[in-house]
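# Descriptive structure summary
Each chain is listed here by its residues.
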Amino acid sequence: DADEPGTPGWQLVHDPLPNEPVIDKMKNNSFAGTALGDLICEEAEVVVAGMQSDFCVRATCSAALARGNEVLLIRGAHATYDRLEVWGNGTITPAATVEKEIELELEEAGVVLLEMRDLPGIFADR
């Protein structure tokens, strides 16, 4: 399995900054079974980016909302793979369509969607 801990490719691409926490997660929800909830207070804004919009990104956004966090999801900073529609005679839903479906679902749940161009100014007033 390409995601098996300790196997080639599991290691971080970039070294963490000094004192930067590193969370190893084993489930879709980044808060489940990790210390992430101890590092992020419930009043914090959480900016989410990552791989597999329809699994990890959805689960982590939903968990953060349930904790009371304001959740910011950046369009173009999350992605997934094409989806095989087993009940749809094996048709394929393109990844871009799946990503948009997840964005709409999460926005309806309370996630704030932002564009990449919004990133530089997100925390400028803090």
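Preceding this paragraph is the structure being described.
Keep in mind that what you see is a predicted model, and the values were worked out from it rather than measured. (Residues numbered from 1 in each chain as written. Predicted model: local features only at pLDDT ≥ 70, side-chain atom pairs only at ≥ 80, totals over all residues. Heavy atoms only, no water.)

## Observations regarding the nonpolar core
Of all hydrophobic cores here, the largest spans 15 residues; its most connected members are V48, C61, V71, L73, L106 and V111. Counting residues per element, this core draws most heavily on helix α2 (residues 53-67), which supplies four residues. Every residue in contact with C61, bar those within four places of it in the chain, is listed here: V48, V71, L106 and V111. (Core = buried A, V, L, I, M, F, W, Y, C linked by side-chain atoms within 4.5 Å. Buried < 20%, exposed > 50% of the residue type's maximum accessible area, 1.4 Å probe, protein only. Helix = DSSP H or I, 4+ residues; strand = E, 2+ residues; numbered from the N terminus. Contact = heavy atoms within 4.5 Å.)

## Quick notes on the side chain of H78
Among the secondary structure elements, H78 is positioned in strand β2 (residues 70-79). Its relative accessible area of 5% is what places H78 among the buried residues. Engagement of the side chain of H78 in a polar contact is seen with the side chain of S53, the distance being 2.5 Å. Within polar-contact distance, the side chain of H78 engages the side chain of E103 at 2.8 Å. Other than its neighbours up to four places away in sequence, H78 contacts G50, S53, V57, L73, E99 and E103. (Polar contact = N/O pair within 3.5 Å; in protein donor to acceptor, adjacent residues only side chain to side chain.)

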